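Observations on the model geometry
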Amino acid sequence: MKLYVFGAGGHAKVVVSTLLAAGLSIDGLFDDDPQKQGFCVLGAKVIGTIEDAKKRGPAQGVLAIGNNQARRLLAQEFPEWEWLSVVHPKAYVHPSVALGPGTVVFAGTVVQPDTHIGAHVIINTGATVDHDCQIGDFVHLAPGVHLAGQVMIEEGAFIGIGSAVIPKVKVGAWTIVGAGAAVVENLPPYVTAVGVPAKPKKVISEER
Ligand SMILES: CC(C)(COP(=O)(O)OP(=O)(O)OC[C@H]1O[C@@H](n2cnc3c(N)ncnc32)[C@H](O)[C@@H]1OP(=O)(O)O)[C@@H](O)C(=O)NCCC(=O)NCCS
């Protein structure tokens, strides 16, 4: 089956490098930016728009778009595709860890025993996820995030670069945690929280 990547931006570059490092070959990229048509990302060519993908599939794919809502909408739009989960060979993922379809685990990450990771999750460069965590679908853990044991990150939440979450804390669905935050108590869904300790600063519309 052919393997395609959705997206051709900076995040897609790291997804492509991860797929190549894992020994996979890529049959093309899709991106709606007219400027990117025909261009190559690490040797993989942009062969059309997202609409064009409908003519090529169903096939295997990876949604290489950092925005969590955008990945959710695309996964809904392409229900018959087989979403590949990929782990960089220089990541450590304990064999007991369950990874959902479409999830990408980048170089330098560590995922410890009995953690469950949902679908279309991004475990970005150098992030660590300790034992018994629950990571919902469409979550993005940015580079250098550290989750202690038994943390729960609900669907669609984004944890900003360099943030830390202490044991047993829960981050609510679609919440955004700002760069460098220390999450020391539960955060509700649909807020932007920043700081040390992290406190909700804004409410996010559920209709994003
Ligand atoms: C929190 C964040 C998402 C911005 O959210 P926003 O809703 O657009 O917020 P704004 O930029 O309007 O800032 C709102 C306030 O929060 C403050 N703020 C923003 N980010 C902050 C952070 N990480 N830590 C502490 N305060 C922060 C701003 O200074 C501003 O303060 P003020 O109201 O006193 O002026 C963003 O700053 C951030 O941290 N993003 C992380 C990006 C990242 O990790 N990318 C990795 C990609 S792989």
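About the criteria used
Residues numbered from 1 in each chain as written. Predicted model: local features only at pLDDT ≥ 70, side-chain atom pairs only at ≥ 80, totals over all residues. Pairing = 2+ DSSP bridges. Helix = DSSP H or I, 4+ residues; strand = E, 2+ residues; numbered from the N terminus. Near = placed C-beta within 6 Å. Nonpolar A, V, L, I, M, F, W, Y, C, P; charged D, E, K, R; others polar. Core = buried A, V, L, I, M, F, W, Y, C linked by C-beta atoms within 7 Å. Buried ≥ 20, exposed ≤ 12 C-beta atoms within 10 Å, placed from the backbone. Domains from an automatic or database assignment. Contact = placed C-beta atoms within 7 Å. Arc of directions from axis to C-beta.

As paired strands, strand β22 (residues 176-177) and strand β24 (residues 191-194) are joined by 2 bridges and run parallel to one another. Among the inter-strand pairings, valine 177 is bridged to a residue of β24, identified as alanine 193. What sits between β24 and strand β25 (residues 199-203) in their antiparallel hairpin is a turn of 4 residues, with glycine 195 showing a positive phi close to 100°.

We now examine the site of the ligand. In the neighbourhood of the ligand, 15 residues make up the surrounding shell, with Gly160, Ile161, Gly178, Ala179 and Val194 lying closest. The residue inventory of the shell around the ligand, partitioned by class, reads 6 nonpolar, 7 polar and 2 charged.

Bringing the nonpolar core into the picture now. Ranked by size, the top nonpolar core spans 60 residues in total, and within it Val5, Phe6, Val15, Leu29, Ile123, Ile159 and Val177 carry the most contacts. With 5 residues, the single largest contributor to this core is helix α1 (residues 10-21). Taken domain by domain, this core gets at least three of its residues from each of domain 1 (3-83) and domain 2 (86-194). Residues in contact with valine 5, not counting those within four places in the same chain, are Ala12, Val15, Val16, Ile26, Leu29, Ala44, Gly61, Val62 and Ala64.

Looking now at the domain arrangement of the protein chain. By domain assignment, the protein chain separates into domain 1 (3-83) and domain 2 (86-194). Between domain 1 and domain 2, the residue contacts involve 15 residues of the former and 15 residues of the latter. Listed by contribution, the elements that provide at least two residues to the side of domain 1 that touches domain 2 are α1, β5 (60-63) and α3 (68-77). Residues belonging to the side of domain 1 that touches domain 2 are distributed by class as follows: 9 nonpolar, 4 polar and 2 charged.

As a further point, take the environment of serine 205. The topology assignment puts serine 205 in the segment after β25. Taking the C-beta count within 10 Å as the criterion, serine 205 has 7 such neighbours and is therefore assigned exposed. Considered as a pair, serine 205 and tryptophan 174 are 31 residues apart in the sequence and their alpha carbons are 9.7 Å apart.

A few words on α3. Turn by turn, an α-helix covers 3.6 residues, leaving residues three or four places apart pointing in a common direction. Within the span of α3, buried status applies to Asn68, Arg71, Leu74 and Ala75. Projected down its long axis, α3 shows its buried positions confined to an angular sector of 125°, all on one face. Buried positions along α3 lie against β1 (3-6), β5, β16 (140-141) and β19 (158-159).

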